[in-house]
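Each chain, written out:
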Amino acid sequence: MGHDGLPTLELAFPGPERDRGVAAILSGQKTTLTGLLEIYEHVGEAVPMTGQRFSVLDSDGRPAVTIELVDVRVVPMKEIDDDFARAEGRGYSDVAQWRTAHEEFFRSNGVSEFLGHTPVIDDETLVVAERFRVVEPDGLRGP
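Residues numbered from 1 in each chain as written. Predicted model: local features only at pLDDT ≥ 70, side-chain atom pairs only at ≥ 80, totals over all residues. Heavy atoms only, no water.

Looking at an unreviewed UniProt entry, one finds the protein chain named ASCH domain-containing protein and attributed to Micromonospora halotolerans.

## Here we look at the pattern of salt bridges
Here is the rule we go by: The term salt bridge refers to a side-chain nitrogen of Lys or Arg lying within 4 Å of a carboxyl oxygen of Asp or Glu. Secondary structure is summarised from DSSP: a helix means a run of H or I of at least four residues, a strand means a run of E of at least two, and numbering begins at the N terminus for each. Here the term buried applies to any residue with accessible area under 20% of the maximum for its type, exposed to any over 50%, and partly exposed to those in between, with areas from a 1.4 Å probe on protein chains only.
For the structure on display, the rule yields 14 salt bridges. One salt bridge connects Arg 90 with Glu 17, and the closest N-O pair in it is separated by 2.3 Å. With Arg 90 in the loop between α3 (82-86) and α4 (95-106) and Glu 17 in helix α1 (residues 16-27), this residue pair connects regions lying 73 residues apart in the sequence. A residue is classified by how much of its surface remains accessible, and Arg 90, at 23% relative accessible area, is partly exposed. For Glu 17, a relative accessible area of 34% puts it in the partly exposed group. Two residues, Lys 78 and Glu 124, come together in a salt bridge whose shortest N-O distance is 2.6 Å. Separated by 46 residues along the polypeptide, Lys 78 in the loop between β4 (63-76) and α3 and Glu 124 in the loop between α5 (109-115) and β5 (126-137) bring together distant segments of the chain. Take Lys 78: its relative accessible area is 47%, and that puts it in the partly exposed class. Owing to a relative accessible area of 45%, Glu 124 belongs among the partly exposed residues under this scheme.

## Focus: the pairing of strand β3 (residues 53-57)
Quick note on the threshold: A strand pair is defined by DSSP finding two or more bridges across the two strands.
Within β3, 4 of the 5 residues are buried, leaving the element largely enclosed by the surrounding structure. Bridge count between strand β1 (residues 8-9) and β3: 2 bridges; the pairing is parallel. Residue pairing for β3: Thr 8 is matched across the bridge by Ser 55. In this structure, β3 lies alongside β4, joined through 5 bridges in antiparallel fashion. By the bridge assignment for β4, Phe 54 is matched with Ile 67. Here β3 hands over to β4 after 5 residues, with Gly 61 in that stretch at a positive phi of 80°.

## Here's the deal with the layout of surface pockets
Inclusion rule: Each cavity reported here is a set of points on a 1 Å grid over the protein atoms alone in which a 1.4 Å probe fits but cannot get out, each pocket an open set with protein on both sides within 12 Å along at least five of seven lines, and each lining residue one with an atom within 4 Å of a point. Grid points are joined across faces, edges and corners, and a volume is the space filled by probe spheres set on the points. Three classes are used, and their members are as follows: Ala, Val, Leu, Ile, Met, Phe, Trp, Tyr, Cys and Pro are nonpolar, Asp, Glu, Lys and Arg are charged, and the others, Gly among them, are polar.
The computed volume of the largest pocket comes to approximately 1100 Å³. Lining the largest pocket are 34 residues, with Glu 10, Leu 11, Ala 12, Thr 34 and Phe 105 positioned closest to its centre. Elements represented by at least two residues in the lining of the largest pocket include exactly β1, α1, β2 (32-36), α2 (37-43), α4 and α5. It is α4 that contributes the most residues to the lining of the largest pocket, 5 residues altogether. Tallied by class, the residues present in the lining of the largest pocket amount to 19 nonpolar, 6 polar and 9 charged.

Structure below.
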């Protein structure tokens, strides 16, 4: 559990990629998240539910922002559309760019080491597609 007893959420791996993601949330550019369903299954974690809140951690493990999920779907990668891809806040102009970046990340050494194998990523690969809203930037809280 993180800040205020909320479950925590960590984007990618600590470092520049996570820092860019947190900054995109704080700026309002990022309003969607995509997770590989296989990772949830691997750790025995339930898929998040609409209405659930998370404390998003920065690369130093500190709470950066609290978000609330407004929509959660488990869908094959082929069902992600341009609107969802652009809402990832990473500068994707369309779903093709989103797909390339996510295939690369899901097949990365870090994910492969975590899972113990390189996952198969294709049109039918199930992802957890989440839309969220910022509840409050944690850095603005008082003591």
